[in-house]
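What the coordinates show
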Amino acid sequence: LVETLVWRTSHTIAEYVNGLPLVSNQRLTLLGDNFSLILSPAIASDTAEYSCLLNDRHSPEAIVDLLVQDVPDPPGRPLVVSFTSRSVDLSWAHSQDPRNAPVTNFIIETRIGENGDWEQEPPIHTKSSQAAHQVTGLQPFTVYSFRVIAVNKLGHSPPSKESYYFVTLREAPTGKPVTTIAHNTSATSVYISWKAPPPESILGEFLGYRITYRPRDYHTDDVKEIYIRDSTVEVRFSGTTKFDLPALLLGWRQPGVRPYDMIVAGGHGKGPKGV
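Residues numbered from 1 in each chain as written. Predicted model: local features only at pLDDT ≥ 70, side-chain atom pairs only at ≥ 80, totals over all residues. Heavy atoms only, no water.

Glancing now at the pattern of salt bridges. Going through the model one piece at a time under the given rule, you end up with eight salt bridges. Of the charged contacts, one joins Arg-99 and Asp-70 as a salt bridge, the two residues approaching to 3.6 Å between their closest N and O atoms. A residue pair is termed long-range when its members are at least 10 positions apart, and Arg-99 in the loop between strand E9 (88-91) and strand E10 (105-112) and Asp-70 in the loop between strand E7 (62-66) and strand E8 (79-83) qualify at 29 residues. The class of Arg-99 is partly exposed, set by a relative accessible area of 23%. Under the relative-accessibility criterion, Asp-70 is labelled partly exposed at 29%. One salt bridge connects Glu-171 with Arg-86, and the closest N-O pair in it is separated by 3.0 Å. Separated by 85 residues along the polypeptide, Glu-171 in the loop between strand E15 (166-167) and strand E16 (178-186) and Arg-86 in the loop between E8 and E9 bring together distant segments of the chain. The class for Arg-86 is partly exposed, based on a relative accessible area of 33%. Shared partners join several salt bridges into a network, and the residues in it are Asp-70, Asp-73, Asp-97 and Arg-99. (Salt bridge = Lys/Arg side-chain N within 4 Å of Asp/Glu carboxyl O. Helix = DSSP H or I, 4+ residues; strand = E, 2+ residues; numbered from the N terminus. Buried < 20%, exposed > 50% of the residue type's maximum accessible area, 1.4 Å probe, protein only.)

This is the structure in structure tokens:
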């Protein structure tokens, strides 16, 4: 005859007294017909040694070792350790609770811009449980942030807090201005215009253009430069010696004509790119 029954871990969690079941929380159910203890839903913190005591006995009638596994807690916020124009080194803290199943690897998600979509870039799956990774294949002078997901055999954790935003370093532009018009307006002046390079090829904060010119076949140190510190795509300048249009565009050398080599370059603090 069962008069009293107690289920315990480190403390009493359920008991049966005078025909009435008493439980410590709503997830527990004590069945009156066989005194089974049901946990629903079971969570990782339910992991413990459970003992069952009948009729105030000191020795348990049964001992159950329960191990409940679940997906891990989110990792810590990833920190930017160092970065270049094309890569970033990230580090983060492990999940505070792996939920009784070791973390096997991580998934790194990438956001471009402050309002970008986390699904815009394919996720990066690390190959170990090391809480650090170098992300490569980034674009120069671009805003990025990252978040990390821990993985164990039960599944994926919720994402971590996202990293603080940062901007990758600049590179010299890869795009080239394309000269559209170039002709002399007098014996000592010239007009030149060009098409701007594609914005995605600037790879930095655009500062303007540099026009370099020198007499062709003359001393290489005889170089002059003009800086245009805005997005203007045409310029008139004077102070050149005598030359004409065929010499400028085709490189012909004619008697009495001093032909010029000319370069138009667009750039920023990392340097120009010319044609």
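We are not done yet, so read on.
Counting buried residues along E10, seven of its eight residues qualify, which places the element largely inside the surrounding structure. Note that E10 and strand E13 (residues 143-152) share eight bridges and pair antiparallel. Its bridge partner lying in E13, Glu-109 is registered against Arg-147. Pairing geometry for E10 and strand E11 (residues 124-125), over two bridges, is antiparallel. Among the inter-strand pairings, Ile-107 is bridged to a residue of E11, identified as His-125. (Pairing = 2+ DSSP bridges.)

Another point: the confidence of the model for the protein chain. With 84% of its residues at a pLDDT of 70 or more, the protein chain shows a mean pLDDT of 84. Note on residues 242-263: pLDDT under 50 across the span, and 70 contacts to partners over four residues away in sequence or across chains. (pLDDT = per-residue confidence, 0-100. Contact = heavy atoms within 4.5 Å.)

For strand E2 (residues 12-17) and strand E3 (residues 20-23), the ladder comprises four bridges, and the chain directions are antiparallel. If you follow Tyr-16 over to E3, its bridge partner there is Pro-21. Counting the residues between successive antiparallel strands, the hairpin from E2 to E3 contains two residues, one of them, Asn-18, with a positive phi of roughly 55 degrees.

Sheets are built from strands that pair by backbone hydrogen bonding, the pairs being arranged parallel or antiparallel. Within the open sheet, the five strands sit side by side as E3-E2-E1-E6-E7. Their pairing is antiparallel. Strands with a single pairing partner mark the edges of an open sheet, and in this sheet they are E3 and E7. Direction aside, neighbouring strands of the sheet carry axes that sit 10 degrees apart on average. By the bridge criterion, four bridges tie strand E1 (residues 4-8) to strand E6 (residues 48-54) in an arrangement that is antiparallel. Residue pairing across strands places Leu-5 opposite Leu-54, the latter belonging to E6. (Axes fitted to C-alpha atoms, helices over the stretch in contact; angles between N-to-C directions.)

Let's shift gears to unusual backbone geometry. The peptide bond linking Ser-40 to Pro-41 adopts the cis configuration, its omega dihedral lying at -5 degrees. With respect to the helices, strands and loops of the structure, Pro-41 is situated in the loop between strand E5 (37-39) and E6. The phi angle at Asp-56 is positive, at roughly 65 degrees, despite the residue not being glycine. As for its placement among the helices and strands, Asp-56 is situated in the loop between E6 and E7. Overall, Asp-56 belongs to the exposed group, its relative accessible area being 63%. For Phe-141, which is not glycine, the phi dihedral falls at a positive 50 degrees. Relative to the assigned elements, Phe-141 resides in the loop between strand E12 (132-135) and E13.

Bringing the side chain of Asn-105 into the picture now. Structurally, the position occupied by Asn-105 is in strand E10. Assessed through its relative accessible area of 15%, Asn-105 is described here as buried. A polar contact is formed between the side chain of Asn-105 and the side chain of Thr-104, at a distance of 2.9 Å. (Polar contact = N/O pair within 3.5 Å; in protein donor to acceptor, adjacent residues only side chain to side chain.)

Bringing the packing of aromatic side chains into the picture now. Inspection of every chain in the model, using the stated rule, returns eight aromatic pairs. Geometrically, the ring pair formed by Tyr-144 and Phe-146 is stacked, given 6.1 Å between the ring centres and 10 degrees between the ring planes. Each of the two residues, Tyr-144 as well as Phe-146, counts as buried. For the pair Trp-194 and Tyr-209, a centre-to-centre distance of 5.2 Å together with 70 degrees between the ring planes defines the contact as edge-to-face. With Trp-194 in strand E17 (residues 189-195) and Tyr-209 in strand E18 (residues 208-215), this residue pair connects regions lying 15 residues apart in the sequence. Residue Trp-194 is classed as buried on the basis of its relative accessible area, which comes to 3%. You can call Tyr-209 buried: its relative accessible area is 3%. Of the aromatic side chains, those joined through ring pairs into one cluster are Phe-83, Tyr-144, Phe-146 and Phe-166. Residue placement shows Arg-77 over the ring face of Tyr-164; its charged tip is 4.5 Å from the ring centre. (Phe/Tyr/Trp six-rings, centres within 6.5 Å; stacked < 30°, edge-to-face > 60°. Lys NZ or Arg CZ within 6 Å of the ring centre and 35° of its normal.)

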